[in-house]
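# Inside the fold
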Amino acid sequence: AASARLNAAVNEARREATATAQAAAQQELAKAAAELEAARAEAAGAIGEAKAEAVAMAQKAAEASAAAAAAQQGSEASEGALDAAVQHAVREALAQAQEEAERMRAEFESTMADRVAEAAQAARAEAEAEAEAKAKAEAREAELREAAAAAHAREEAR
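In this report, the structure presented in the accompanying data block is examined. (Residues numbered from 1 in each chain as written. Predicted model: local features only at pLDDT ≥ 70, side-chain atom pairs only at ≥ 80, totals over all residues. Heavy atoms only, no water.)

## Observations concerning the overall build of the chain
Worth spelling out the cut-off: Numbering of helices and strands starts at the N terminus; helices are DSSP runs of H or I of at least 4 residues and strands are runs of E of at least 2. This radius of gyration counts C-alpha atoms alone. The globule rule is 2.2 Å times how many residues there are, raised to the power 0.38. Burial classes follow relative accessibility: with a 1.4 Å probe on protein chains only, a residue under 20% of its type's maximum area counts as buried, one over 50% as exposed, and anything between as partly exposed. Note on areas: Shrake-Rupley, 1.4 Å probe, and residue coverage restricted to the protein chains presented here. For the charge count, each Lys or Arg is scored as positive and each Asp or Glu as negative, with His and the chain ends excluded. Charged groups are reduced to one reference atom each: NZ for lysine, CZ for arginine, CG for aspartic acid, CD for glutamic acid.
Helices and strands together make up the secondary structure of the chain, namely one helix and zero strands. Taking 2.2 N^0.38 as the reference for a compact globule, 158 residues should give roughly 15 Å; the C-alpha atoms of the chain span a radius of gyration of 66 Å, well beyond that estimate. Taken over 158 residues, the chain has a buried fraction of 0%. For the chain, the accessible area works out to roughly 13,300 Å², and carbon and sulfur atoms hold 59% of it. Measuring between centres, the 18 positive side-chain charges of the chain sit 7 Å from its 30 negative side-chain charges.

Following this line, the structure appears as structure tokens:
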């Protein structure tokens, strides 16, 4: 009977030890599973962060590429605008030069016309003065002839 009780106590102790060991193992297993889940969640978070960073970097690269393309287009556009501005300035300068040349030509023609008119007036005045001088000379000559004829007549009369 003592042996049966001893066997029962040993069996009970074994069951308790097995149950305790199983409970401890299950606790360790649950703890390991929780740690594994936490590690998995941490890894998933890190992967998510890495993906988000990769997406952000790709977005920044795309933005930088778009900005570079826009800058190049802007540069090309400003080169085109600069060319257009230079061409406009050249056309403007040519138009001003042509206007100035036309104004100078008209001024020259006007001045020359004035000089020709002045020269013609001077020539007329000179011709009139010459004609007047000739008329005076002819009148004086006629007076002298008359005087000479009168003197000759007086002389003849004596």
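## Notes on a nonpolar patch on the surface
What counts is decided by this rule: Distance thresholds for patches are 9 Å for like charges and 5 Å for nonpolar side chains (Val, Leu, Ile, Met, Phe, Trp, Tyr), applied to residues having over 30% relative accessible area and no salt bridge. By definition, a salt bridge exists where a carboxyl oxygen of Asp or Glu is found within 4 Å of a side-chain nitrogen of Lys or Arg.
A surface patch of nonpolar side chains, amounting to about 370 Å² of accessible area, comprises Leu-82, Val-86, Val-90 and Leu-94. Mapped onto the elements of the fold, Val-86 is located in helix 1 (residues 2–157). Val-86 gets classed as partly exposed once you look at its relative accessible area, which sits at 44%.

## Thoughts on the pattern of salt bridges
Evaluated as defined, the whole model comprises nine salt bridges. In this structure, the salt-bridge partner of Lys-136 is Glu-132, at a minimum N-O distance of 3.8 Å. Taken together, the residues Lys-136 and Glu-132, both in helix 1 and four residues apart, mark about one turn of the helix. In this structure, a network of salt bridges that share partners links the residues Glu-100, Arg-103 and Glu-107.

Keep in mind these numbers describe shape, not what the thing actually does.
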